[in-house]
Amino acid sequence: MTTTRKESDSMGSIDVAADVYWGAQTQRSLHHFAIGDDMMPPEFIRAFAILKKASAMVNHDLGLLPADKMQWIVAASDEVIMGKLGDQFPLRIWQTGSGTQTNMNVNEVISNRAIELAGGKKGSKNPVHPNDDVNRSQSSNDTFPTAMHIAATEALIQRVMSAIKELRDALHKKQMEFNTIVKIGRTHLQDAVPLTLGQEFSGYVAQLNAAIKNIEAVLPGLYELAIGGTAVGTGINTHPKFAHDVAKKLSELTGLPFVSAPNKFAALAAHDAIVFASGALKTLACALMKIANDIRWLGSGPRCGLGELILPANEPGSSIMPGKSQSHTIRSDDYGMHTSHG
Amino acid sequence: MVCIQVMGNDAAIGFAGSQGNFELNVYKPVIIYNFLHSTDLLADAMHMFTAHCVRELIADEKQIRAHVDNSLMLVTALAPKIGYDKCAEIAHKAWHDGTNLLEATLALGYLTEKEFKELVRPETMTSPR
């Protein structure tokens with residue numbers, strides 16, 4: 001029984017496990033970049049597969065890829081998008097900084113799976129070649145940053161935005177509930193003049209509303225995609241319509257208003273849009289820290305703290321102090337567990 | 001902890017974003033890795049915080065009221081009537097004598113009890129008027 005097969009690239013041939021879909025370049029990366037255990041996130045691989053699908057469809061529309069190859073690539077890409085081949089992307093973050101090895105990992109897995117769907121033999125590069133077909137009209141240098149923008153945008157809209165709104169709504173409900181409760185204000189941690197607990201919570205709601213606006217403000221930069229720039233931004237080896245058409249196809253596939261970046265040199269050589277977006281996340285982190293710390297301090301006690309809020313007692317709070325955080329009728333001081341998340 | 005990790009991720013993204021040379025930035029994997037780490041952590045943490053803390057928060061109105069009543073800074077409400085300096089004197093006297101604001105005000109003879117009680121009403125102090 002054969003446990004390995006031969007895969008080849010421009011450096012020659014190399015043994016890979018018979019049952020995997022990746023090829024020579026992935027195998028070499030595993031050998032040369034065995035650094036740490038931080039892997040490419042699944043949502044990033046998913047974004048990459050959406051891009052490969054869109055590229056195959058546009059290549060076909062432009063007369064650059066026959067229908068059968070396009071359909072096999074689309075079918076294989078769909079499997080990656082659905083997470084069916086999740087164990088086929090073993091490469092680490094700490095690889096070549098352009099992400100070439102991950103682009104090739106995606107090309108190799110999609111081509112080998114497409115070959116299998118076509119009735120061919122893995123590693124044969126026939127009838128679907130990882131570079132000439134799956135990577136057609138593309139370079140690592142424009143695909144990787146394009147996948148970065150797709151993954152970042154989806155994460156912001158589908159994960160972060162909905163979570164902020166959920167928290168904002170819950171805090172707004174408390175704001176209304178606490179609207180008539182007059183409490184003492186504190187400045188410099190010292191006693192100050194009164195305000196209502198609802199007013200205090202309205203500040204948290206406003207911070208989160210601002211965080212939502214900040215994220216909305218970073219999205220237009222993330223909608224601009226590098227695809228079509230190929231190796232250095234000039235678009236060598238790609239069709240003049242490829243950049244525009246792939247962005248349009250990606251919009252259709254994702255429901256997000258992606259466009260072709262007007263300047264590909266910046267899109268390959270800089271990541272200012274993501275730096276800006278990370279700034280919005282850092283601002284959100286600062287707001288959450290403020291909100292969670294306030295709630296944590298206001299819930300301090302139960303007998304020796306500020307004790308103005310009663311926090312839910314969710315779990316035992318101490319391995320040595322018996323009964324800590326056990327009573328549901330008094331303030332729990334296990335809150336550190338939760339504010340540490342927030 | 002999540003917030004601190006996000007701030008650290010942002011620092012890494014900033015360094016990596018500044019390292020483009022000529023036609024390519026070759027710090028791409030570390031950028032997207034840290035970015036998606038931040039989005040994952042923030043989204044999960046907000047869900048947990050909302051579900052397991054914020055929704056179940058209860059105000060301890062008795063304790064809140066006790067803090068309000070015990071505060072010396074309610075004296076601020078007297079400032080438009082008797083001026084900042086006399087108010088400060090009342091607050092300091094109450095603090096040093098271990099008494100409350102009313103007792104200190106009466107001892108200094110700045111207002112009658114009726115005048116004091118008309119002015120020092122916490123519920124009227126939470127908005128401009």
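Structure: see above.
For clarity, every value in this text was computed on a predicted model and none was experimentally measured.

A.B. asks: Looking at this model, I keep getting lost on the overall build of chain B. Mind explaining?
C.D. replies: Each helix and strand in chain B was counted, giving 7 helices and 3 strands. Beginning at the N terminus, the succession of helices and strands in chain B can be written as α-β-β-α-β-α-α-α-α-α. Its C-alpha atoms give chain B a radius of gyration of 27 Å, clearly above 14 Å, the size a compact globule of 129 residues would have. Its C-alpha atoms give chain B principal-axis dimensions of about 80 × 40 × 30 Å. Counting over 129 residues, chain B shows a buried share of 43%.

A.B. asks: Would you mind going over the nonpolar core with me for this structure?
C.D. replies: When a protein is soluble and globular, its nonpolar side chains tend to lie buried together. Residues Phe44(A), Leu156(A), Leu171(A) and Ile295(A) are the most contacted members of the largest nonpolar core, which totals 106 residues. Ranked by residue count, the leading element in this core is helix H6 (residues 140-177) of chain A, at 15 residues. Grouped together as the second largest cluster of nonpolar side chains are 18 residues, Ile184(A), Val75(B), Ala94(B) and Phe116(B) included.

A.B. asks: I tried to follow the packing of aromatic side chains on my own but got confused; where do I start?
C.D. replies: Describing an aromatic ring pair means giving the distance of the ring centres and the angle of the ring planes. All names here are of chain A. All chains considered together, the criterion is met by 7 aromatic pairs over all chains. Between the aromatic rings of phenylalanine 48 and phenylalanine 144, the centroid separation amounts to 5.9 Å while the plane-to-plane angle is 70°, which identifies the pairing as edge-to-face. Within this pair, whereas phenylalanine 48 is found in helix H2 (residues 42-61), its partner phenylalanine 144 is found in helix H6, the two being separated by 96 residues in sequence. A single burial state applies to phenylalanine 48 and to phenylalanine 144, both of which are buried. When the ring of phenylalanine 178 is compared with that of phenylalanine 201, the centres are 5.3 Å apart and the planes differ by 85°; the resulting orientation is edge-to-face. Residue phenylalanine 178 is located in the loop between H6 and strand E3 (182-187), and its partner phenylalanine 201 is located in helix H7 (residues 197-223); the two are separated by 23 residues in the primary sequence.

A.B. asks: Could you clarify how one ought to interpret the environment of Asp245(A) in this entry?
C.D. replies: All names here are of chain A. Within the fold, aspartate 245 resides in helix H8 (residues 242-254). Residue classification places aspartate 245 among the buried positions, given a relative accessible area of 18%. Between the C-alpha atoms of aspartate 245 and methionine 57, which are 188 residues apart in sequence, the distance is 9.6 Å. Those residues in contact with aspartate 245, other than ones at most four positions away along the chain, are Val58 and Leu62.

A.B. asks: I tried to follow unusual backbone geometry on my own but got confused; where do I start?
C.D. replies: Leaving glycine aside, a negative phi is the common case for residues, and trans is the common case for peptide bonds. Going from Asn126(A) to Pro127(A), the amide bond is cis rather than trans, its omega being 10°. Relative to the elements of secondary structure, Pro127(A) occurs in the loop between helix H4 (100-117) and helix H5 (130-134). In this chain, Gly301(A) is followed by Pro302(A) through a cis amide linkage whose omega measures 15°. Unlike most non-glycine residues, Asn237(A) shows phi in positive territory, near 65°. Counting through the fold element by element, Asn237(A) comes out in the loop between strand E5 (224-225) and H8. Residue Asn237(A) is classed as exposed on the basis of its relative accessible area, which comes to 69%. Of note in the backbone geometry, Phe22(B) takes a positive phi value of approximately 55° without being a glycine. Relative to the elements of secondary structure, Phe22(B) occurs in the loop between strand E1 (20-21) and strand E2 (24-25).

A.B. asks: Explain the packing of H6(A) against helix H10 (residues 272-298) of chain A here, please?
C.D. replies: Between two packed helices, both the angle of their axes relative to each other and the distance between the axes serve to describe the pair. Residue and element names in this part refer to chain A. At a closest axis distance of 12 Å, the pairing of H6 and H10 adopts a crossing angle of 20°. Classified by the angle their axes make, H6 and H10 are roughly parallel. Considering only the axes of H6 and H10, their crossing is left-handed. Contacts between H6 and H10 pair Met148, His149, Leu156, Val160, Ile164, Leu167 and Leu171 from the former with Ala273, Ile274, Ala277, Leu281, Leu284, Leu288, Ile291 and Ile295 from the latter.

Conventions used here
Residues numbered from 1 in each chain as written. Chains lettered and ligands numbered in written order. Predicted model: local features only at pLDDT ≥ 70, side-chain atom pairs only at ≥ 80, totals over all residues. Heavy atoms only, no water. Helix = DSSP H or I, 4+ residues; strand = E, 2+ residues; numbered from the N terminus. Rg over C-alpha atoms; globule rule 2.2 N^0.38 Å. Buried < 20%, exposed > 50% of the residue type's maximum accessible area, 1.4 Å probe, protein only. Core = buried A, V, L, I, M, F, W, Y, C linked by side-chain atoms within 4.5 Å. Phe/Tyr/Trp six-rings, centres within 6.5 Å; stacked < 30°, edge-to-face > 60°. Contact = heavy atoms within 4.5 Å. Axes fitted to C-alpha atoms, helices over the stretch in contact; angles between N-to-C directions. Parallel < 35°, antiparallel > 145°, perpendicular 65-115°, else oblique. Left-handed = near helix turned anticlockwise from the far one by under 90°.

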